[in-house]
Amino acid sequence: MSKTSLVVQPSVLPGDILPPPCTVASFSGNDDQRWICGSTRGYLLTVNVSFQFEVSLQNPFTNTVVSLPPLTSFEDVQRLIQFQATSQHSGALTLIKEFVKKVASSKILLDSECVVLIIYNTNGGKLAFCRRGDKQWTELESDHIDDIVFCNGVFLAMDRTGVIYQCELNPDNLKAVPLCTASPFRYEPCKKCFAESDHGKLWVVLQKLDVSDDFDFTTYFEIYEFNSETKEWTVVISLRGKALFLSPQGRCVAVIAGETGSGGFIKDNSIYFTDGSLSVFEWESKQSKKLHQTGFCNLMFWVTPEDVLQR
């Protein structure tokens, strides 16, 4: 399938402006009634700004809304509400606004068996999940979680040291089990995130900083691919024919790039990322350049064609 690309501005979100088929879209922003806390498979995770802090997933292209349990089902949020009521301190609302760090979901959000997993907490990432129709979030014993992903039918979580866990969400035996393999990037002092390759493989992306003698900081990346059969990690040497899109609070995914009709926006062998600005890292030259500067960049999410076209 041939592909084109589009960047959707915060104020322009209707799905019918996308020229089908497309490759990637990005959007960002908040309004006065709901906070945007993350994105999964084209849906924005939003939280109502007032009690009971209702949570929902909304598709900005179709306006489809999936209701999830409110944040008031968490004891931490209940304590923050009590603190805010007694002290009238606005800082409590800020902590509630930032309570959900990231969201991931099973593939079909409108399916009755859909599962939504989040990273939450005010001091150190913990895991909780819900199924369609649940009235409250179910907590999964965990701590210091930095990233989550749904890949090849399972939820995975990674803590700040680089240890990866498989999340088993059987109601009778909830647990996060470490993968039985030593990762070569464990304890690397850098940002780490999951990504999905264009052929369904699990990637872990390391975002590093190189400091020159002139104290000039340069961002560069390393990528590792997990082989589920051998349980081994290998270094991804090239992104030839592909582009990788990273988002701190959204889905990170690789797509086919450089095809006719891409309009020159998507370059192959490149990584598009947000770090105070929208930037691109060119794999061969190991150089980064800024594409767009905006205060919304850290709340920017990437969308695939399947995300846009689903109902």
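Conventions we followed
Residues numbered from 1 in each chain as written. Predicted model: local features only at pLDDT ≥ 70, side-chain atom pairs only at ≥ 80, totals over all residues. Heavy atoms only, no water. Salt bridge = Lys/Arg side-chain N within 4 Å of Asp/Glu carboxyl O. Pairing = 2+ DSSP bridges. Helix = DSSP H or I, 4+ residues; strand = E, 2+ residues; numbered from the N terminus. Axes fitted to C-alpha atoms, helices over the stretch in contact; angles between N-to-C directions. 1 Å grid on protein atoms, 1.4 Å probe; cavity = no way out; pocket = protein on both sides within 12 Å on 5 of 7 lines; lining within 4 Å. Points joined across faces, edges and corners; volume = space filled by probe spheres on them. Nonpolar A, V, L, I, M, F, W, Y, C, P; charged D, E, K, R; others polar. pLDDT = per-residue confidence, 0-100. Contact = heavy atoms within 4.5 Å. Expected span 1.5 Å × (residues − 1). Core = buried A, V, L, I, M, F, W, Y, C linked by side-chain atoms within 4.5 Å. Buried < 20%, exposed > 50% of the residue type's maximum accessible area, 1.4 Å probe, protein only.

Overview of the pattern of salt bridges
- Under the definition given, this model contains 11 salt bridges.
- Residue E168 is joined to K175 by a salt bridge in which the shortest nitrogen-to-oxygen separation is 3.9 Å.
- Overlapping salt bridges bring together E75, D76 and R79 as one network.

Some details on the sheet that holds strand β10 (residues 145-151)
- Read from one edge of the open sheet, 4 strands run β10-β11-β12-β13, paired in antiparallel fashion. On the outer flanks of this sheet lie β10 and β13 (175-178), each paired with one strand and no other. The sheet shows a mean angle of 30 degrees between the axes of neighbouring strands, direction not considered.
- Across 4 bridges, the pairing between strand β11 (residues 154-159) and strand β12 (residues 164-168) is antiparallel. Across the sheet, the residue bridging to L156 is Q166, located in β12.

Let's talk about empty space enclosed by the protein
- According to the stated counting rule, one finds 3 cavities of 30 Å³ or more in the structure shown.
- Quantified by volume, the largest cavity comes out at close to 140 Å³.
- A104, I148, V149, E196 and R251 are the residues nearest the centre of the largest cavity, which is lined by 16 residues in total.
- Contributing elements (two or more residues each) for the lining of the largest cavity: β2 (34-40), β6 (100-105), β10 and β14 (191-196).
- In the lining of the largest cavity, the residues fall into 7 nonpolar, 4 polar and 5 charged.

Remarks on the confidence of the model for the chain
- On average, residues of the chain carry a pLDDT of 81, and 81% of them reach 70 or more.
- Low pLDDT (under 50) marks residues 1-24, which in the prediction has 61 contacts with non-local residues, meaning those over four places away or in another chain.

Quick look at helix α1 (residues 75-87)
- Taking 1.5 Å per residue, 13 residues should reach 18 Å; α1 reaches 18 Å between its end C-alpha atoms and fits that length.
- Positive backbone phi, approximately 55 degrees, marks Q88, located one or two places after α1.

A look at the nonpolar core
- Formed by 26 residues in total, the largest nonpolar core has its most connected members in L68, L71, F74, V116, I118 and W137.
- Once residues within four sequence positions are removed from consideration, L68 is found in contact with L45, V55, S56, L57, V116, C130 and W137.

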